[in-house]
Amino acid sequence: MNAERLIEKKRDGGVLTAEEIRGLIEGYTAGDVPDYQMAAWCMAVYFQGLTAAETAALTRAMAASGPRADLSSIPGVKVDKHSTGGVGDTVTLVTAPIAAAAGVPIAKLSGRSLGFTGGTVDKLSAIPGYRTALSFEEFIRQVREHGIAMAGQSAELCPADALLYALRDATGTVESLPLIASSVMSKKIAAGADAVVLDVKCGRGAFMKNRKAAEALMEEMTALGTAAGIRVIAFVTDMEIPLGCAIGNSVEVDEAVEVLSGGGGQRLAALSKTIAGAMICAGGKAETLAEGRRIAEAMIESGRALDKLKECITAQGGDASWIGVRPLTPQDGAYDVYAGADGYVEDIRPVELARVVMDMGGGREKKEDDVDLTVGLRLWKEAGAPVAKGEKVLTLYGRDGLPMEALARRAAAAVRIGPERNVFPLIYRMADSREA
């Protein structure tokens, strides 16, 4: 395998064979292909793209770069869920317990945050005592015994993707649809699930700003999953405004508990029920998505979904005693912001609010950055809601040493109040590989 030749071939618009791609990925994972050559290849792909066959070959090669999780000892159809990320995207913490309560085995491996998109592992880490690092044996045993496990992705799983993602992040080649699709789906294939529900976000608060590009990514990932023998149900959903009312780590856990208790933000609750319904359908517990959603709603109303979250927390060493008693987020650093006029919440700019939380210490610019899991903010009014002058609009949860007044001004400026009652969409498109 000659890496230089493969770089030149792709640079000039050529099509690589599956064997060439496999050799390149194996060489890079083994350290035989240096970063500078792989970076050049990624840039060639960025400009020239990959064919469907090339993308499928790349996905298979990355999935095969480490051990594949064997979930065969777990009875039933194992379902995974993935979101491309956004502001206030707390869906995993809500949907996984709902689907598990309905009898679907949920083996969920997640990552940490980077930039303004929150990571599920960071949110789980905000729960006292919760172990996000499980061995494969512990992970599988917990799913078998409790029907659910939510943990951090093992370094053994799909190591080629971890190397390639870090390289792309440092070389301006992240925004390549085939590289994004292969990155996501190689991890899903390696994680061993029988079915995957995908939530592709688009809008200001998402990685994909453009709906057309988001739909193209959804189609590409669906095709990759289908080729690997995995059922895929996929959605393209809105992220022009924050999905949930909470932005942070512990505060998002609090909102997840609220949704599982029948409350929480309307947009987060609505999308979570739809996604959970798709997971229930993919797991063979419902014939249609509509039936799956009805089951999801029943799991919330009966309290079984919240009980399943408590069970998962306890099984992974966490303390669930605060649920139903008090918020997880410390309240002593709360700083309230009030409306300056009557009207409606016309717009909420997601990235600006996420940047406020990051500047409080609640996010990371680089993977090695530390995160304060207790800081964040909470919106008390969603987009389109009426608001009266002097009414509380949001709360910042800070700590000593932070310039709370200045942070509050920035957060307030991101929430526009005016005479218009705007309506924001939630779901743009859905696809099911069974119906393709």
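Going along each chain's sequence as written, the residues are numbered from 1 onward. Owing to the predicted nature of the model, reporting of local features is limited to residues with pLDDT of at least 70; listing and counting of side-chain atom pairs is limited to 80 or more, with chain, interface and lining totals taken over all residues. Note that the side-chain values use all heavy atoms of the structure and ignore hydrogens as well as water.

**Student:** What is the right way to look at the overall build of the protein in this model?
**Tutor:** Starting at the N terminus, helices and strands are each numbered in turn, a helix being any DSSP run of H or I of at least four residues and a strand any DSSP run of E of at least two. Scanning the protein from terminus to terminus reveals 16 helices and 13 strands. What the globule rule says is 2.2 Å times the number of residues to the power 0.38, and the radius of gyration is computed from C-alpha atoms. Computed over the C-alpha atoms, the radius of gyration of the protein is 22 Å, within 12% of the 22 Å expected from 2.2 N^0.38 for a compact globule of 436 residues. Based on the C-alpha atoms only, the size of the protein along its principal axes is roughly 65 × 45 × 40 Å. With a 1.4 Å probe rolled over the protein chains alone, any residue whose accessible area is under 20% of its type maximum counts as buried; one over 50% counts as exposed, and the rest are partly exposed. For the protein, with 436 residues in total, the buried portion stands at 57%. Note on definitions: a residue-residue contact is assigned when non-hydrogen atoms from the two residues lie within 4.5 Å. In the protein, the proportion of contacts linking residues at least 24 apart, taken out of those at least 6 apart, comes to 78%. Methods summary: accessible areas were calculated by the Shrake-Rupley approach with a probe of 1.4 Å, and residue burial reflects only the protein chains presented. For the protein, the accessible surface area stands at approximately 17300 Å², while carbon and sulfur atoms represent 50% of it. Within this scheme the basic residues Lys and Arg register as positive and the acidic residues Asp and Glu register as negative, but His and the chain ends are omitted. Just so you know, the charge point we use is NZ for Lys, CZ for Arg, CG for Asp and CD for Glu. If the 49 positive side-chain charges of the protein are averaged to one point and the 57 negative ones to another, these points end up 3 Å apart.

**Student:** What is the right way to look at the packing of helix H5 (residues 91–101) against helix H12 (residues 266–282) in this model?
**Tutor:** Packed helices, taken two at a time, are described by the angle between their axes plus the distance between the axes. The geometry of H5 relative to H12 is characterised by a closest axis approach of 9 Å and an angle of 45° between their N-to-C directions. Put simply, H5 runs oblique to H12. Between H5 and H12 the crossing geometry is right-handed. Contact residues: H5 offers Val-91, Val-94, Thr-95, Ala-96, Ile-98 and Ala-99, while H12 offers Leu-268, Leu-271, Ser-272, Ile-275, Ala-276, Met-279 and Ile-280. Residue polarity is assigned by list, with Asp, Glu, Lys and Arg as charged and Ala, Val, Leu, Ile, Met, Phe, Trp, Tyr, Cys and Pro as nonpolar; anything else, Gly included, falls into the polar class. Of the residues that constitute the contact of H5 with H12, the class distribution is 11 nonpolar, 2 polar and no charged. Here the axes come from fitting lines to C-alpha atoms, over the contacting stretch only for helices, and the angles between their N-to-C directions go from 0 to 180 degrees. Relative orientations are named as follows: roughly parallel for angles under 35 degrees, roughly antiparallel for angles over 145 degrees, roughly perpendicular for angles from 65 to 115 degrees, and oblique for any other angle. Here is the rule for handedness: rotate from the far helix to the near one, and if that takes an anticlockwise turn smaller than a right angle the crossing is left-handed, while a clockwise turn gives right-handed.

**Student:** How do you make sense of the pattern of salt bridges when you look at a structure like this?
**Tutor:** Pairing between side chains of opposite charge can happen when their charged atoms approach one another. What counts as a salt bridge is simple: a side-chain nitrogen of Lys or Arg found within 4 Å of a carboxyl oxygen of Asp or Glu. In the structure shown here, the tally under the stated rule is 29 salt bridges. Across the pair Lys-108 and Asp-80 runs a salt bridge whose closest N-O atoms are separated by 3.9 Å. Placement of Lys-108 in strand E2 (residues 106–110) and of Asp-80 in strand E1 (residues 79–83) is noted, with a sequence separation of 28 residues between them. Here Lys-108 and Asp-80 have matching classes, each one buried. The shortest N-O distance in the salt bridge between Asp-372 and Arg-399 comes to 2.7 Å. Of this pair, Asp-372 sits in the loop between helix H15 (350–362) and strand E9 (376–379) while Arg-399 sits in the loop between strand E11 (392–397) and helix H16 (404–413), and the two are 27 residues apart along the sequence. You can call Arg-399 partly exposed: its relative accessible area is 38%. One network of salt bridges, in which partners are shared, links Arg-204, Glu-240, Glu-346, Asp-347 and Arg-416.

**Student:** Sorry, what's going on with the sheet that holds strand E10 (residues 386–387) here?
**Tutor:** Neighbouring strands of a sheet are bound in pairs by backbone hydrogen bonds; such pairs are parallel or else antiparallel. Two strands make a pair as long as DSSP finds a minimum of two bridges between them. Strands sit in the order E10-E8-E12 across an open sheet of 3 strands; the sheet is antiparallel. Sheet topology places E10 and strand E12 (415–418) at the edges, where each strand pairs with a single neighbour. As paired elements, strand E8 (residues 343–348) and E12 share 4 bridges and run antiparallel to each other. The residue bridging Val-345 from the neighbouring strand is Ile-417, located in E12.

**Student:** What is the right way to read the packing of helix H2 (residues 18–30) against helix H4 (residues 52–63) from this model?
**Tutor:** As a packed pair, H2 and H4 sit with axes 9 Å apart at the nearest point and diverge in direction by 35°. Here H2 and H4 pass one another in a crossing that is right-handed. On the side of H2, the interface is formed by Ala-18, Ile-21, Arg-22 and Ile-25, while H4 contributes Glu-54, Ala-57, Leu-58, Arg-60, Ala-61 and Met-62. For the contact of H2 with H4, the class distribution of residues is 7 nonpolar, no polar and 3 charged.

**Student:** What am I meant to see in helix H10 (residues 211–227) here?
**Tutor:** Given 3.6 residues per helical turn, the α-helix brings residues three or four places apart onto the same face. Given the number of residues in a helix, its expected span is that number minus one, multiplied by 1.5 Å. Compared with an ideal rise of 1.5 Å per residue, which puts 17 residues at 24 Å, H10 spans 24 Å between its outermost C-alpha atoms and is within 8% of the ideal. Those residues of H10 that sit buried are Ala-214, Glu-215, Leu-217, Met-218, Met-221, Thr-222, Leu-224 and Gly-225. You can read the cap of H10 off the contacts: a side-chain oxygen lies 2.8 Å from the backbone nitrogen of Lys-212, and it is on Asn-210. Gly-229 sits one or two positions beyond H10 and adopts a positive phi of about 80°. We define a polar contact as two N or O atoms separated by no more than 3.5 Å, with the added condition that, inside protein, one atom must be a possible hydrogen donor and the other a possible acceptor, whereas residues neighbouring each other in sequence contribute only through side-chain atom pairs.

**Student:** Which parts of the structure should I look at to understand the pairing of E9?
**Tutor:** Successive residues of a regular strand alternate their side chains across the two faces of the sheet. Every second residue of E9 is oriented toward a common face, with Gly-376 and Arg-378 on one face and Leu-377 and Leu-379 on the other, all of them buried. Pairing of strand E6 (residues 246–248) with E9 involves 3 bridges; the strand directions are antiparallel. Its bridge partner being in E9, Ala-246 is matched across the sheet by Arg-378.

**Student:** So what exactly am I meant to see when it comes to the packing of aromatic side chains here?
**Tutor:** Describing an aromatic ring pair means giving the distance of the ring centres and the angle of the ring planes. Classification of ring pairs uses Phe, Tyr and Trp, with its six-membered ring standing for Trp, and accepts pairs whose centres are within 6.5 Å; under 30 degrees between planes counts as stacked, over 60 as edge-to-face, and the remaining range as tilted. Under the counting rule described, the total for this entry stands at 1 aromatic pair. Ring geometry for Tyr-46 against Phe-47: centres 5.2 Å apart, planes inclined by 85°, an arrangement best described as edge-to-face.

**Student:** I'm lost on the environment of Met-430 in this one. Help?
**Tutor:** Relative to the elements of secondary structure, Met-430 occurs in strand E13 (residues 427–432). Among the residues examined, Met-430 registers a relative accessible area of 33% and is labelled partly exposed. Distance in space between the C-alpha atoms of Met-430 and Val-236 is 6.5 Å, their sequence separation being 194 residues. If sequence neighbours within four positions are ignored, Met-430 has contacts with Ile-233, Ala-234, Phe-235 and Leu-289.

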